[in-house]
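Structure assessment
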Amino acid sequence: MTTLIMTSGFDWWPYILVVILFLISLGVAAYATYAERKVAAFLQDRLGPNRAGPFGILQPIADGVKMFMKEEIIPNVSNKTLFILGPAIAMLTALLTGAVIPWGPDVVVDGKVYRLQVTDVNIGVLYLLGVVSIGVYGIMIGGWASNNKYALLGALRASSQMISYEVAMGVSIVTLIMFTGTLSTAEIAQQQHGFWADGYFTWNFFKNPLVFLIFFICALAETNRTPFDLPECETELVGGYHTEYSSMKLGFYLFAEYVNMFISSAVISLFFFGGYNFPFMDQIDNQLLVSLIGVGVMFAKTVFFIFVFMWIRWTIPRFRYDQLMNLGWKVLIPLSLVNLAITGLVMYFTGNLE
Amino acid sequence: MQSLTNRSKQVSKKEMTFMEKLYLPAILGGMRITLSHLFKKKVTVSYPEQKRPISEVYRGQHVLKRDESGAERCTACGLCSVACPAEAITMTAAERKKGEEGLYREEKYAAVYEINMLRCIFCGLCEEACPKEAIFLTDRIVPTEFERGDFVYGKDKLVEPMDKNLRVDVSVRQTKGVLEFKQHPQYAHNKLWDPNKAIKSKKSAH
């Protein structure tokens, strides 16, 4: 089979990579649910799940089996097609975004180059923004199709919140694009090569920390994580947009959140913290070793940001809805616009504007 | 209005400073605190492997004692069920037949003795009321069941085994102090039972 793949002229590698990426995304998301419970427990001086397998590492499997075994209910009054479509879209868009992220430097084995990126479209950043905004539909359609007041209100909250924060996110990405000068994610990663060059840090975070801050806050809002988890505010909305969902359809919504969190963390580490680049990577002669460490570094950064997401969730209480909107429209958007203008001016006066 | 304590504070509605409005310092401070808890000692007790120490006179599942020769001490007088505030105890008395002297200490005994563990509040009043030193609460914990009916404990679960090695040790609850306390007029019924004899029998049983 392997020789067949190697010898046939058709390039199978991207397709294999898609499957690998699919499995990794689901695996990381599954273990993110376990990590979430462990982190929550440890931050609250508890032990967390530790009964299923050593340290409870089989807990995600137990949770998954439980989700599948639950009775699947589609309400009579719901719009059945859309009711099923909702979680499907949420999951689909969550998994789509991983395609443009470079997970490591190119791996060269026997003269053949294996790219660790499914596709390097020249508008990768736009693709990311586009797919993320489709994600709103999963929640909106699901909440509307349930034919339930709470679900509808939850969906409304979710969609207005995500749309509001997408604006600030978009403007902060425009700022990023301005000083990177490219829309290709692979190129953004390459520009941050190493850690230190020409007397300054190469990572984008050090070039403009404010962009990172705005992007990070917006990423929290986009993934519906605390302190922006109003769509599923139990005290006010029962379960929010997934009130009527049960079994694996509910599982898909919850799972999509974790896949989103994984992808957001990957995007943050790619855009601002050098992606697969690490300090002193040029001192290592073995190209293969650099690639492997690069992949490891990329995942380490991603896991760190997943941890930060959880850390924030178990620290900060939820915003009130008007506070959420105030922060989005009155603080983050003006701030990102000012940041955009100042970045433009600095680039103009230092002669970096082409 | 005069305040009851001097601890009341006037609510201040001062404008927040710029740093306070940023929220970020406060959020980072909060995150520092939660992070420090990551390394703190965990308070969880992993129950079946690890148990919290309980008092020697913990009031758990009841036991119906036998005397040193193995005869049931209970004489079905019903004082425990009268004393029970939760009305958890019921019993049916029966007369001892010839040849059953080894099984029952007194001429009357409890043919049926039931405690509803769902009603029981583990107050220990049955133990105090008993004139025959027959019922005691122990440090055993009542296990969970799947059916309601299974919580009604009959004699099969309450009476201690005949085998002397398997007897339930209640000596810590039967100290001299407890016996002296039972001399109180309130426990006049206990006078039928000689405390010195009781101590002896306890010592010989264990």
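Let me begin by describing the structure that accompanies this report. Residue indices begin from 1 for each chain and proceed along its sequence in written order. Working convention: letters from A go to chains and numbers from 1 go to ligands, in the order in which they are written. Side-chain atom pairs in this predicted model are given and counted only at pLDDT of 80 or more, local residue features only at pLDDT of at least 70, and totals for whole chains, interfaces and linings cover all residues. Calculated side-chain values reflect all of the structure's heavy atoms, with hydrogen atoms and water omitted.

**Comments concerning the sheet that holds strand β5 (residues 152-153) of chain B**
All names here are of chain B. Applicable threshold: Strand pairing is assigned whenever DSSP identifies at least 2 bridges connecting the two strands. Working definition: helices are DSSP H or I runs of at least four residues, strands are E runs of at least two. Numbering for both runs from the N terminus.
If you walk across this open sheet you meet the three strands as β2-β3-β5, and the pairing is antiparallel. Here the strands that pair on one side only, and so sit at the sheet edges, are β2 (89-95) and β5. Sheet topology places strand β3 (residues 108-116) next to β5; two bridges connect them, and they run antiparallel. When the sheet's bridge partners are listed, I115 is paired in β5 with Y153.

**Overview of helix α5 (residues 124-145) of chain A**
Residues and elements named next belong to chain A. As a reminder, the rule being used: To estimate the expected span of a helix, subtract one from its residue number and multiply by 1.5 Å. Categorising residues by exposure relies on relative accessible area from a 1.4 Å probe, with only protein chains included: less than 20% of the type maximum marks a residue as buried, more than 50% marks it as exposed, and the intermediate range marks it as partly exposed. For this analysis, residues touch if any pair of their heavy atoms sits within 4.5 Å.
With 22 residues, α5 extends 32 Å between its outermost C-alpha atoms, agreeing within 8% with the 32 Å of an ideal straight helix rising 1.5 Å per residue. Taken as a whole, α5 has its buried residues at G124, V125, L128, V131, G135, V136, G138, I139, I141, G142, G143 and A145. Lining the buried residues of α5 we find α4 (80-96), α6 (149-180), α7 (185-191) and α11 (247-272). N147 sits one or two residues past α5 and shows a positive phi near 60°.

**Comments concerning empty space enclosed by the protein**
All names here are of chain A. This is how the line gets drawn: Of the grid points, spaced at 1 Å and generated over the protein atoms alone, those admitting a 1.4 Å probe that cannot get out make up cavities, while open sets with protein on both sides within 12 Å along at least five of seven lines make up pockets; any residue with an atom within 4 Å of a point is treated as lining. Grid points are joined across faces, edges and corners, and a volume is the space filled by probe spheres set on the points. All residues other than Ala, Val, Leu, Ile, Met, Phe, Trp, Tyr, Cys, Pro, Asp, Glu, Lys and Arg, Gly among them, are scored as polar; the first ten of these are nonpolar and the last four charged.
Within the structure shown, the criterion is met by five cavities of 30 Å³ or more. There is about 400 Å³ of room inside the largest cavity. Taken together, 26 residues form the lining of the largest cavity, with V132, E222, T223, N260 and S264 sitting closest to its centre. Taken together, the elements giving at least two residues each to the lining of the largest cavity come down to α4, α5, α6, α9 (209-222) and α11. Here the residues of the lining of the largest cavity are counted per class, giving 17 nonpolar, seven polar and two charged.

**Looking at the environment of G124(B)**
Residues and elements named next belong to chain B. Among the secondary structure elements, G124 is positioned in the loop between β3 and α4 (125-129). Exposure remark for G124: the relative accessible area of 5% places this residue in the buried category. In sequence terms G124 and R73 are 51 residues apart; their C-alpha atoms lie 18 Å from each other. Contact partners of G124, with chain neighbours within four places excluded, come to R59 and L137.

**Some points on the nonpolar core**
Spelled out, the test is: Only buried Ala, Val, Leu, Ile, Met, Phe, Trp, Tyr and Cys residues count toward a nonpolar core, and they belong to the same one when joined by side-chain atoms within 4.5 Å.
By size, the foremost hydrophobic cluster in this structure holds 86 residues, and its most contacted members are Y165(A), F216(A), I268(A), F271(A) and F272(A). When sequence neighbours within four positions are dropped, the list of residues in contact with Y165(A) reads I217(A), C218(A), A221(A), E222(A), F228(A), L324(A), L327(A), G328(A) and L332(A). By size, the runner-up hydrophobic cluster in this structure holds 23 residues, among which are C74(B), C84(B), C126(B) and L158(B).

**Quick look at the pattern of salt bridges**
Using the following cut-off: Salt bridges are counted wherever a side-chain nitrogen of Lys or Arg sits within 4 Å of a carboxyl oxygen of Asp or Glu.
Under the definition given, this model contains 14 salt bridges over all chains. Here R320(A) makes a salt bridge to D322(A), at a shortest N to O gap of 2.8 Å. Residue classification places D322(A) among the partly exposed residues on the basis of a relative accessible area of 38%. Note that E72(B) is salt-bridged to K155(B), the shortest N-O span being 2.8 Å. Here E72(B), found in the loop between β1 (62-64) and α3 (79-83), pairs with K155(B), found in helix α5 (residues 155-158); they are 83 residues apart in sequence, far enough to count as distant. You'll find E72(B) and K155(B) in the same group, each marked buried.

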